[in-house]
Amino acid sequence: MATTNTTARHSGEIGLPTRSPLIGWLAVSAVMLGIFSIVTTEILPIGLLTTIGSGFAVSDGMAGLMITMPGLLAAVSAPVVTVATARIDRRLMLCVFMLLLAVANFLAAAAPDYWLVLVSRVIVGIVIGGFWSIGAGLAERLVPAASVGRATSVIFSAVPLGSVLGVPAGTFIGDLAGWRTAFVVMGALTVGVLAMLLLVMPSLPPERTTRPSVLRGVLRSVNARFALLLTFLTVLAHFGAYTYVAPFLEQVTDVGPQLITVFLLVYGAAGIAGNFLGGAAVTRYPRATFGLAAGMIATATLLLPILGRWQIGAVALLIVWGFAYGAVPVASQTWFVKATPDAPEAASVLFTASFQMTISLGAVAGGAIVDRTSPSTVMTLGGLVAMLAVVAAWVHFARRLTWPDST
């Protein structure tokens, strides 16, 4: 029966009945654009951190709560919302989450007080947890089996695209017309994505109800627990440092807002390359891909306080950093799915919850450190945590606890 269901799903009988491959790829594109909107909204304050903070007279660390809040709420909402809506058509839920994201962006744009901005970020967190958990694993229901890997890479390309287009563009708009205008533009984009979902996404009745018992079963897998550990260390290192990259570039590299936008653009472009190359490599070489990405992040962040004093050094290290991090989300999601092939939505829930909780912890830790020390110290500590991920990947390789890299 399991084989029959899998065959039916990949052949288009479940989730995409009597629809052309073009419609399937349009649906994949809609999911990608939805995640792009979410990622951009989530990390948009990174490029505008000092501007928003000064507008409300709060410190950089306090302004970092705009990154902390969505991650924390996403970690909680990923299992809660997914389980609570397990019997509801997934297409309907995707549309509801996009509507909520538009409301959150418009609320942030109109907020007269900082606490209302944080309320909008709570809504963003709920959207992240729900949309990611459902959308991240939908590729196999929308395209033929032979195209699932490519479709998954397309969906996850939204992460570096949020950096290469979303954050620099938002920062540029904020510099020209104010940070509130950047959130208005994001709200309008989200409304457009909602319209696309309504037009091209097929009905997606739940295939397997995601219950708490299913999630507990996934956690019993040694490979799933290792994926949690490696995701925690790598994402903690990244967001603990990257959340405060704008203050670093301002204070250490001594560049203005326009050059910061250019630097973030270069970082994001490298991330796109890392996403597709990492996605192609992780299926065959999961340990090596994850370990190499963590090692490159460690190298970039440890060297930034030394070489980042010069613009050319900062740009070169941001390229290395962006390329490495571009591979992390698709590598993490792929590892979770391989660890639990019979429960893809449950795997996405754990991926989303662990990823977002760690984003929150990283932003909090980085904020506490940057308020008491300096952005350079944040970079150094982030690099040391990334080195722990490299060690964990090497130990896992040495003990051979999981599938061979060649499978």
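As shown above, the structure is provided for reference.
Quick caveat, the model's predicted, so the values are computed rather than measured.

1. Things to note about the overall build of the protein
A tally of regular secondary structure across the protein gives 19 helices and 0 strands. Within the protein, the proportion of its 407 residues that are buried is 57%. Across the protein, every contact between residues at least 6 apart in sequence was considered, and the portion connecting residues at least 24 apart equals 86%. For the protein, the computed accessible surface area is about 15200 Å², with 71% contributed by carbon and sulfur atoms.

2. Some remarks on the environment of L22
When you line up the elements, L22 lands in helix α2 (residues 21-47). Along the chain, L22 and V143 lie 121 residues apart, while their C-alpha atoms are 9.1 Å from each other.

3. So, the side chain of R90
Relative to the helices and strands, R90 is located in helix α6 (residues 90-110). Reaching out from R90, the side chain makes a polar contact with the backbone oxygen of T85 at a distance of 2.6 Å.

4. Describing unusual backbone geometry
Within the chain, D254 stands out as a residue other than glycine whose phi angle is a positive 60°. Following the sequence through the fold, D254 ends up in the loop between α14 (245-251) and α15 (257-282).

5. Remarks on the nonpolar core
Ranked by size, the top nonpolar core spans 115 residues in total, and within it F131, W132, L142, L197, V245, L249 and W321 carry the most contacts. Per-element tally for this core: the top contributor is α2, with 12 residues. Sequence-distant contacts of V245, that is, excluding residues within four places in its chain, are made with I46, L264, L318, W321 and M379.

6. Thoughts on the environment of N223
Relative to the helices and strands, N223 resides in helix α13 (residues 222-242). For N223 and K338, which are 115 residues apart along the polypeptide, the C-alpha to C-alpha distance reads 8.5 Å.

7. Structural notes on the side chain of T243
In this structure, T243 sits in the loop between α13 and α14. Polar contacts involving the side chain of T243 include one to the main-chain carbonyl oxygen of F239, which spans 2.7 Å. Ignoring any residue separated from it by four or fewer positions in sequence, one finds T243 in contact with I46, L49, I67 and A363.

8. A word on the packing of aromatic side chains
In this structure the tally under the stated criterion is 7 aromatic pairs. With a centroid separation of 5.7 Å and an interplanar angle of 50°, the aromatic rings of F56 and Y114 are classed as tilted. One end of the pair, F56, is in the loop between α3 (49-55) and α4 (60-63); the other, Y114, is in helix α7 (residues 114-135), with 58 residues separating them in the sequence. Overall, the relative accessible area of 17% leaves F56 in the buried class. What makes Y114 buried here is its relative accessible area of 10%. When the ring of F56 is compared with that of W179, the centres are 5.7 Å apart and the planes differ by 55°; the resulting orientation is tilted. Of this pair, F56 sits in the loop between α3 and α4 while W179 sits in helix α11 (residues 179-200), and the two are 123 residues apart along the sequence. Across the pair, W179 and F56 agree in class, each one buried.

9. Structural notes on the packing of α6 against α11
At a closest axis distance of 8 Å, the pairing of α6 and α11 adopts a crossing angle of 165°. As far as their axial angle goes, α11 and α6 are roughly antiparallel. When you trace α6 past α11, the crossing you get is left-handed.

Criteria and thresholds
- Residues numbered from 1 in each chain as written.
- Predicted model: local features only at pLDDT ≥ 70, side-chain atom pairs only at ≥ 80, totals over all residues.
- Heavy atoms only, no water.
- Helix = DSSP H or I, 4+ residues; strand = E, 2+ residues; numbered from the N terminus.
- Buried < 20%, exposed > 50% of the residue type's maximum accessible area, 1.4 Å probe, protein only.
- Contact = heavy atoms within 4.5 Å.
- Areas by Shrake-Rupley, 256 points an atom, 1.4 Å probe, with all protein chains shown as cover.
- Polar contact = N/O pair within 3.5 Å; in protein donor to acceptor, adjacent residues only side chain to side chain.
- Core = buried A, V, L, I, M, F, W, Y, C linked by side-chain atoms within 4.5 Å.
- Phe/Tyr/Trp six-rings, centres within 6.5 Å; stacked < 30°, edge-to-face > 60°.
- Axes fitted to C-alpha atoms, helices over the stretch in contact; angles between N-to-C directions.
- Parallel < 35°, antiparallel > 145°, perpendicular 65-115°, else oblique.
- Left-handed = near helix turned anticlockwise from the far one by under 90°.

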